[in-house]
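# Structural overview
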Amino acid sequence: MDIETRLRDDLASRATDIAAAPADLYGTVLAGHRRQQRRRLGVLAAGACALVAAVAVPLAAGGDGGQDRIGPGSSSAPALTAGYEPYAVAPRGSLAADPAYVDALLGTPWSGGPPEETRHVVFAGDVGGGTSALVIGYRDGGWTALDLRGPAGAAPEDLAPAGEPQPVDPGAWMQITTEDAVVVIALPGDAIEVSPRQEPGPDGVPTSAPYRPVGDATGIAVLDAVDLGAAAVRITRDGAVVHEGPLGTAQAAAEGGVDGLDLGAALAAAAGEPDESLVRQLVVGAAVAAGEPAGGLAVEVLWGGPIGTREDPVDAAVVAVSLDSGVRVLVGGMAMPAADGGTVTGPCLRSLLPAGADLAGQVVPMRCDLYDPADGSPLGSRLVVVAPDGTASVRLTGVSGAVLDERVPDGPVSVGPAPEGLAAVAALDADGRVLAEAPVGRIEGLPHD
């Protein structure tokens, strides 16, 4: 018997051992790809109305510009620095070439901050109308970032923290957000691109603005007059995209115009038990992103309530906001306890609707990617489906159209895990007829006047 005949016979005999392909092969492959991508990228930056988190960039050991301070005179307890590996990229920014300036920044007092020998100045320079610096340090097995601000030309001792130090995890990029500019910090040689916004077309359907290259060969991009609520950033390293997603979110407290925002009637008519503070932040965030004052906007609260667990309590809400331009916006978000006793909020949904769009009888699906505010570690994804009257079940379908699950809602809403590869949700009546269906929403940019 020749080798070709033997090979054919052997393959034929093994064919019966091969399992059949999954019914939703495309969705299964896509889900596997997304899991692999999350493992490769680690924890992405999670921004929210009250918090813009940055992620640090892990590099090989080494340092310069006064960064390495480990030596015989170190007084830090070994337990504080266990697992520490220095960052190797030199400080960047217009002030980073001054060793004395960088050295002084390393000595900035931190309340419960990391040992000084583990600190690194990532960026120091003139940004917008002032001076900004980002210093990171390692303590107790994790990294922390301190964002320092001051007037233009400020000395290191005149820079003050812009907020509390934030825990950061190894990742692909970092971000500094000032009142009038954003600094995107990647690795030297990375390609940084920004999509400024999405704009509604004549029929109200949003169209993505194309990405444009920004930044320089050092991996720094300073963006002026950027809409945090609408812009997205894409970072490519060695030909592979290592991050693509929202640049950040607007801080509700950074914009006035909330006078006259009366949510009493909208909350009273809402399904569930919406948290007023979260609803207010969602409305103001949409107004900031659209460049409109929040006061006086028409608001409809569709639903609000818990979506987490007893161990990881999380509240969510879905709100419809009518802008002065006539465009309606669906906004959704989540709120979770922070380590310091406060609350961290995060976006889940922002979708443009045609002017005058009526939500009565529609199904509204929203996916929330939960994370631990203390260290950014993922806690899974939850799917919230606000269903129309008469809904007996909701059907979840994948990107190929295959049915992934069918669930019975608890009253006007269904809350449960979000399956991988989820693309759309349909509301069915008791006879299995489709009442309404919609794709799972995403975070879209809003138009400015």
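Residue positions are given per chain, counting from 1 as you read along its sequence in written order. Reporting in this predicted model follows two pLDDT cut-offs: at least 70 for local features of residues, and 80 or more for side-chain atom pairs to be given and counted; totals over whole chains, interfaces and linings ignore these cut-offs and use all residues. Only hydrogens and water are set aside when side-chain values are computed; all heavy atoms of the structure are taken into account.

### Some words on the overall build of the protein
Note the cut-off: Counting from the N terminus, the helices are the DSSP runs of H or I reaching at least four residues and the strands are the DSSP runs of E reaching at least two. Note that accessible areas follow from Shrake-Rupley with a 1.4 Å probe, and for residues the cover is restricted to the protein chains shown.
When you go through the protein residue by residue, the secondary structure sums to 5 helices and 28 strands. Approximately 21100 Å² of the protein is accessible, and the part contributed by carbon and sulfur atoms is 53%.

### Brief notes about the environment of glycine 163
The cut-off we apply is this: A 1.4 Å probe rolled over the protein chains alone gives each residue an accessible area, and that area as a share of the maximum for its type sets the label: buried under 20%, exposed over 50%, partly exposed in between.
By secondary structure assignment, the location of glycine 163 is in the loop between strand E6 (160-161) and strand E7 (166-168). When its relative accessible area of 38% is taken as the criterion, glycine 163 is described as partly exposed. Separated by 14 residues in the primary sequence, glycine 163 and arginine 149 place their C-alpha atoms 9.7 Å from one another.

### Regarding the sheet that holds strand E19 (residues 315-322)
Adjacent strands of a sheet form backbone hydrogen bonds with each other and so pair up, either parallel or antiparallel. Where we set the bar: One requirement defines pairing of two strands: DSSP has to find at least two bridges between them.
The mixed open sheet is built from 5 strands, whose spatial order is E17-E18-E19-E20-E21. This sheet does not close on itself; its edge strands, each paired only once, are strand E17 (271-272) and strand E21 (343-353). Sheet topology places E17 next to strand E18 (residues 298-306); 2 bridges connect them, and they run parallel. Bridge pairing in E18 links glycine 272 to glycine 304.

### Description of the state of the cysteines
Where we set the bar: Criterion for a disulfide: a pair of cysteine sulfur atoms within 2.5 Å.
All chains considered together, the criterion is met by 1 disulfide. There is a disulfide in this structure between cysteine 348 and cysteine 368, and the S-S distance comes to 2.1 Å. Residues cysteine 348 and cysteine 368 are joined through a disulfide that is right-handed, its torsion about the S-S bond being 120°. A residue pair is termed long-range when its members are at least 10 positions apart, and cysteine 348 in strand E21 and cysteine 368 in strand E22 (residues 364-371) qualify at 20 residues. For the pair cysteine 348 and cysteine 368, one class covers both residues: buried.

### Concerning the packing of aromatic side chains
The cut-off we apply is this: Two rings belonging to Phe, Tyr or Trp (six-membered ring only in the last case) form a pair when the distance between their centres is within 6.5 Å. Interplanar angles under 30 degrees mark stacking, angles over 60 mark edge-to-face geometry, and anything in between is tilted. Put simply, a charge is over a ring when the Lys NZ or the Arg CZ is close to the ring centre, within 6 Å, and near the line of the ring normal, within 35 degrees.
Applying the stated rule across the entire model yields 1 aromatic pair. The ring of tyrosine 211 carries arginine 234 above its face, with NZ or CZ at 4.0 Å from the centroid.

### Points about the sheet that holds strand E27 (residues 422-428)
As a reminder of what qualifies: Here an axis means a line fitted to C-alpha atoms, over the contact stretch when the element is a helix, while the angle between two N-to-C directions is reported on a 0 to 180 degree scale.
As summarised here, the arrangement of the 4 strands in space is E25-E24-E27-E28, forming an open sheet in which the pairing is antiparallel. Edge positions in the open sheet fall to strand E25 (403-407) and strand E28 (434-439), since each of these has one partner strand only. Across the sheet, the mean angle from the axis of one strand to that of its neighbour is 20°, orientation sign disregarded. In the sheet, E27 pairs with E28 via 5 bridges, with the strands oriented antiparallel. Paired with alanine 427 across the strands is alanine 436, a residue of E28.

### Quick notes on the pattern of salt bridges
Applied cut-off: Put simply, a salt bridge is a Lys or Arg side-chain nitrogen that is within 4 Å of an Asp or Glu carboxyl oxygen.
For the coordinates displayed, the defined rule picks out 9 salt bridges. Arginine 280 is the salt-bridge partner of glutamate 276, the closest N and O atoms lying 3.6 Å from each other. Taken together, the residues glutamate 276 and arginine 280, both in helix H5 (residues 276-290) and 4 residues apart, mark about one turn of the helix. With a relative accessible area of 43%, glutamate 276 lands in the partly exposed category. Arginine 280 sits in the partly exposed class, given a relative accessible area of 27%. Here aspartate 369 and arginine 367 are joined by a salt bridge, their closest N and O atoms 3.0 Å apart. Owing to a relative accessible area of 43%, aspartate 369 belongs among the partly exposed residues under this scheme. Where salt bridges share partners, they join Asp429, Asp431 and Arg433 into one cluster.

### Section: the pairing of E22
Counting buried positions along E22 yields 7 of 8 residues, so the element is predominantly enclosed. As defined by bridge partners, E22 adjoins strand E23 (residues 378-386) across 7 bridges and the pair is classed as antiparallel. The partner of aspartate 369 across the bridge, within E23, is serine 381.

### Quick word on the side chain of serine 414
Filter applied, for reference: Contacts are residue-level and defined by heavy atoms, with any inter-residue pair within 4.5 Å sufficient.
Residue placement: serine 414 occurs in strand E26 (residues 413-417). Taking relative accessible area as the criterion, serine 414 reaches 5% and is therefore assigned buried. Filtering out sequence-adjacent residues up to four positions away, serine 414 remains in contact with Leu383, Val384, Val385, Val394, Arg407 and Pro409.

### Here's the deal with unusual backbone geometry
Even without a glycine there, the phi angle at aspartate 238 is positive, about 55°. With respect to the helices and strands, the residue aspartate 238 is situated in the loop between strand E15 (232-237) and strand E16 (240-246).

### Some thoughts on the pairing of strand E10 (residues 191-195)
A large share of E10 lies buried, amounting to 4 of its 5 residues. Bridging between E10 and E15 involves 5 bridges; their strand directions are antiparallel. Among the inter-strand pairings, alanine 191 is bridged to a residue of E15, identified as threonine 236. Direction of pairing for E10 relative to strand E13 (residues 212-214): antiparallel, over a ladder of 3 bridges. If you follow isoleucine 192 over to E13, its bridge partner there is valine 214.

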